[in-house]
Amino acid sequence: NSSGMTSSGAAAITRPKATIIVSIVAVFFFSIVSVRNSSSWLSSYNQQFPLHNGHLQQRNGSVAAIATVSVATKSKISTTERQQTSQTIINRNKTSTLGLHMCKCLTDDFPTTNANSIPHNNPKRLRWLHFPKTGTSFISTLWSYSCSTRDRYIDLNVNSQVCSNSPDGKRSALSMYDFVLMRRYPWEMYGAPNFIPDESSSSSPPVGKDVSLGLVGGTQHGPLSPNLQDKQFLQSDRYKKLVNKHQLMRYGSELMTHNITVAAFFRQPEERIISAYKDALHANGFAGTDFKNFVTKVRGARNGQCKIGNRIYLNPVQCFANYPGIAGCMSRMLTGQKCADALFHEAGLENVAEAVDIILNHLDFVGLTEDWNESICQFHRLFSGRSDSVTGQRVWDQPLQREFANVHKSKKATIGVEELDGFRDVADTVVYEAAKLKFERMVGNERCYKFMSWDEIERDLDNNDNANTPFLNVDKDGNVCHPLTCSDLGKQCGEWDDGCGSTIICGICDGGRAGLPSTWRVQCVEGKCVDYCPTWEEKGLWFLSNDSPTIMKEVAQSIETREQKYLSPIEAFKICDVACRGKTGNVPANDVTKAFVDTNLCRCGNTTKALTNITLSDFSSAHDIMTTCGDSKVFKSLRALSINDTQPICCPPIDEEKLLIGKQWKRLYSVGGPKLEGSYFAHIHMGCGSLDECQDVAREKGAEIAVFDIISSYCHLARNVFELDNLFSVTKDNTRRYILDLRNPEKP
């Protein structure tokens, strides 16, 4: 019963105002040697606690036992460490004036005897089980794990908003930090070289089952695949229900079948539910009519109240938490179902025993949202170590400072658990307690995380003691070198010296940042992202040169071009306005129209209200690595741009629904798509080109596979191709890429 009330009619517990007394679930995990003894114990327990009969079951020689106890609700979690994380943190070793976040266990002399043994090899595949509202910020660590090395690293200090647009002028801004990182730092360019041997390498060709690939399976909220070799599961009612609803995932278990390393963060269940409520009623699993009914019930209640079954709830957050299928999210996702249960509208109790078994016996990494900093250090302790090429000893690099930041910090008013009026997510409380137990086992007796103020660091350096900070770049006089970020360098893209001997990667340009229609393109020019129109470039106008047609130069000179090396969208819109009006000082009106309208450079319509009072610097700042869509003057201005306004004609829009008709290309998916990878040797920006043009250049350069990124218009080419040994594809951008196998040439 997800409301926390017992079906046996137990007496209600008085709730003092200062401290709410609620029912919490404690987990006791018993190791049973004899199956017969365990069965006897299980029978005795179910007789003693009939309330939980049917929810307590034996799995693989172990029993997950549930007992209900009364305890005081903990105060709202806000640890000192988490407060420090919320401070402004700059990338790499440069932080605010506070100091440095450090992992003291990433040194040779840290005692590891009290903790679990450290694996000698990095995982071949790493899967993120991403429960909603448990920390999207974890992508900072995971993407850095894939795309950064000791001396060449990505700048994580990137604005978390995805600015999107469409050919018809619709624009939106969503906070999706995982998409932002994947778009700015494409895996083919910055991840693959760290895992897949280069085609020129003298080593033998890579084999799919033997080569490490980093993160697989996507970053969204996909559940673990169920174990189809588990006879107990195959005989369960849940299996039959999933089959009947055509919702059974048949990829094979990441843990039991494919030996994929799985990492997950867990969060106090009621806090997670409140966070989901605040995030636009986040309920991954509800869709279509189910989601519409759910939203109507939660938001459409009269006077903030709603009725679910025979119960009336007093506010929307209670309606959200008690809506059938919301509770038990983590329990379900561990066992093969989506977070929100749109199939059976159950509370996850039937999944608990299996979920606890998976946590304690099979998950390779467990992090706690409430203990974020220690969790990040533990991930690096377990997975980021490497063997020194000279000594052969294991060495670690310190995490980037941005990994300790909360990139999706809520700006909405705080809602406390008291608003839930005693509601408890029973199933996920069991799961969370098991995760805490696993976490403490992983940490051992000595915690790894430490925050050092600059005063402490300077004091150590003055005493010639850098045992805590061996990663700092310190000169002979004791001065610490602070690496420069992309923002410090004034760079929006490319790779640059950070001032301390390493390379900082600022990535590629994202076309959506300025808010121009998606038919426009953007490219990196000397560290700056330049929005441009490829068709105009082909005509010799966009980048001014002596080869530009005279009539075009005449028109361009009739407006202010600020003596720049290239035209900006501001000038392009002004040129089209001049052309469509047929007015310029030295060129006949008919010639202007013919040059710009008849040759498809401009579309004439209404005089646009967009780009009023916009400057070239406004366009440039829109691409700054930390500029939000809402802060971008250009993005806000272009919301006024209509498809019927006068404007330049750029690339033809791409219709993805018809894109693959008559072609051999296939769409890449996080799970279940084509299983090919290889050594990437070329990354070509295609301008207005799409699949056909990418295919042509791939054949010309002798590629074995081509991958086209529809978001960035990049064509990635690879040789030395191999096939993955399962259906969990390398995480790239969540299904906006297309792949072509060129190993068997087809007839033209």
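Everything numeric here is computed off the predicted structure, so don't read it as measured data.

Analysis parameters
Residues numbered from 1 in each chain as written. Predicted model: local features only at pLDDT ≥ 70, side-chain atom pairs only at ≥ 80, totals over all residues. Heavy atoms only, no water. Helix = DSSP H or I, 4+ residues; strand = E, 2+ residues; numbered from the N terminus. Buried < 20%, exposed > 50% of the residue type's maximum accessible area, 1.4 Å probe, protein only. Contact = heavy atoms within 4.5 Å. Areas by Shrake-Rupley, 256 points an atom, 1.4 Å probe, with all protein chains shown as cover. Disulfide = S-S within 2.5 Å. Pairing = 2+ DSSP bridges. Axes fitted to C-alpha atoms, helices over the stretch in contact; angles between N-to-C directions. Core = buried A, V, L, I, M, F, W, Y, C linked by side-chain atoms within 4.5 Å. Phe/Tyr/Trp six-rings, centres within 6.5 Å; stacked < 30°, edge-to-face > 60°. Lys NZ or Arg CZ within 6 Å of the ring centre and 35° of its normal. pLDDT = per-residue confidence, 0-100. Expected span 1.5 Å × (residues − 1). Patch = residues over 30% accessible without salt bridge, like charges linked within 9 Å, V, L, I, M, F, W, Y side chains within 5 Å. Salt bridge = Lys/Arg side-chain N within 4 Å of Asp/Glu carboxyl O. Lys, Arg positive; Asp, Glu negative; His and termini not counted. Charge placed at Lys NZ, Arg CZ, Asp CG, Glu CD.

*Asks:* I'd like a description of the overall build of the protein, backed by residues and values.
*Replies:* The helix and strand inventory of the protein stands at 23 helices and 27 strands. A buried classification covers 53% of the 748 residues belonging to the protein. Within the protein, counting contacts between residues at least 6 apart in sequence, those at least 24 apart form 73% of the total. Taken as a whole, the protein presents about 33700 Å² of accessible surface, with 47% of it coming from carbon and sulfur.

*Asks:* Give a detailed account of the state of the cysteines, specifying residues and quantitative values.
*Replies:* All chains considered together, the criterion is met by 14 disulfides. What pairs with C576 in a disulfide is C602, and their sulfur atoms sit 2.1 Å apart. The sign of the S-S torsion, about -85°, decides the handedness of the disulfide formed by C576 and C602: left-handed. Of this pair, C576 sits in helix α19 (residues 569-581) while C602 sits in strand β21 (residues 602-603), and the two are 26 residues apart along the sequence. A single burial state applies to C576 and to C602, both of which are buried.

*Asks:* Describe unusual backbone geometry, naming the residues involved and giving the relevant values.
*Replies:* One non-glycine residue, K133, lies in the positive phi region at around 65°. On the secondary structure map, K133 appears in the loop between β5 (126-129) and α3 (138-147). The backbone phi angle of D421 is positive, close to 55°, even though this residue is not glycine. Positionally, D421 belongs in the loop between β15 (394-395) and α14 (426-443). Using a relative accessible area of 44% as the deciding quantity, one classes D421 as partly exposed.

*Asks:* Summarise the sheet that holds strand β18 (residues 503-507); cite the residues concerned and give the values.
*Replies:* Strands sit in the order β6-β18-β17 across an open sheet of three strands; the sheet is mixed. At either end of the open sheet lies a strand with only one pairing partner, and these are β6 (152-154) and β17 (494-497). The mean inter-strand angle of the sheet, taken between neighbouring strand axes irrespective of direction, is 30°. Two strands pair when backbone bridges link them, and β17 and β18 are joined in this way by four bridges, in the antiparallel orientation. Counterpart to E495 in the pairing with β18 is I505.

*Asks:* Requested: an account of the nonpolar core, with residues and values cited.
*Replies:* Of all hydrophobic cores here, the largest spans 97 residues; its most connected members are F138, W143, F266, L334, I359 and L363. When residues in this core are grouped by element, the largest group, ten residues, is from α14. Those residues within four positions of I359 in sequence are excluded, and the remaining contacts are F266, L334, V366, V431, A434, A435 and K438. Formed by 32 residues, the second largest nonpolar core is a distinct cluster that contains W520, I570, A572 and L638.

*Asks:* Provide a residue-level description of the sheet that holds β5, including the pertinent values.
*Replies:* Taken in spatial order, the four strands of this open sheet run β9-β5-β10-β13, and their pairing is parallel. Only two strands of the sheet have a single neighbouring strand rather than two, namely β9 (215-216) and β13 (365-368). In the sheet, strand β10 (residues 261-266) pairs with β13 via four bridges, with the strands oriented parallel. Across the sheet, the residue bridging to F265 is G367, located in β13. Against the sheet, α3 makes contact with β5, β9, β10 and β13, and its axis sits at roughly 170° relative to β5, the strand it touches most.

*Asks:* Any details on the packing of aromatic side chains? Residues and values, ideally.
*Replies:* The final tally for this structure, using the stated rule, is 24 aromatic pairs. A centroid spacing of 6.2 Å and a plane angle of 70° characterise the contact between Y251 and F728, whose relative ring orientation is edge-to-face. Here Y251, found in the loop between α7 (237-244) and β10, pairs with F728, found in the loop between β26 (714-723) and β27 (737-741); they are 477 residues apart in sequence, far enough to count as distant. Judged by relative accessible area, Y251 falls into the partly exposed class, the value being 32%. Residue F728 is classed as buried on the basis of its relative accessible area of 1%. The rings of W128, F138, Y145, F195, F265, F365, W372, F379 and F383 are connected pair by pair, giving a single aromatic cluster. Between K491 and the ring centre of W496, over which it is positioned, the NZ or CZ distance is 4.1 Å.

*Asks:* Go over the confidence of the model for the protein, please, and point to the residues and values.
*Replies:* Put simply, the protein has an average pLDDT of 79, and 77% of its residues get 70 or more. Within the protein, the lowest mean pLDDT, 32, falls on strand β3 (residues 62-72), and the highest, 97, falls on β13. Below pLDDT 50 for its whole length, residues 1-96 participates in 188 contacts with residues either more than four positions away or in separate chains. Confidence drops under pLDDT 50 across residues 113-117; counting only partners more than four residues distant or on other chains, this segment forms nine contacts.

*Asks:* Provide a residue-level description of α19, including the pertinent values.
*Replies:* Given a rise of 1.5 Å per residue, 13 residues ought to cover 18 Å, and the 18 Å separating the end C-alpha atoms of α19 matches this to within 8%. Those residues of α19 that sit buried are P569, I570, E571, A572, F573, I575, C576, V578 and A579. Immediately beyond the C-terminal end of α19, within one or two residues, lies G582, with a positive phi of roughly 70°.

*Asks:* So what's going on with the environment of I139? Residues and values would help.
*Replies:* As for its position among the elements, I139 is in helix α3. With relative accessibility at 0%, the residue I139 sits in the buried group. A C-alpha to C-alpha distance of 8.2 Å links I139 and L181, two positions 42 residues apart in sequence. I139 has contacts with W128, S144, Y177, D178, L181, L215 and T219, leaving out every residue within four places of it along the chain.

*Asks:* Requested: an account of a negative patch on the surface, with residues and values cited.
*Replies:* A contiguous patch of negative charge, built from D692, E693, D696 and E700, is present on the exposed surface. Mapping D692 onto the fold places it in helix α23 (residues 691-700). Judged by relative accessible area, D692 falls into the partly exposed class, the value being 40%.

*Asks:* With reference to specific residues and values, describe helix α5 (residues 187-195).
*Replies:* In terms of burial, α5 is largely enclosed, as seven of its nine residues are buried. Every buried residue belonging to α5 is among W187, E188, M189, Y190, G191, A192 and F195, and all of these are buried.

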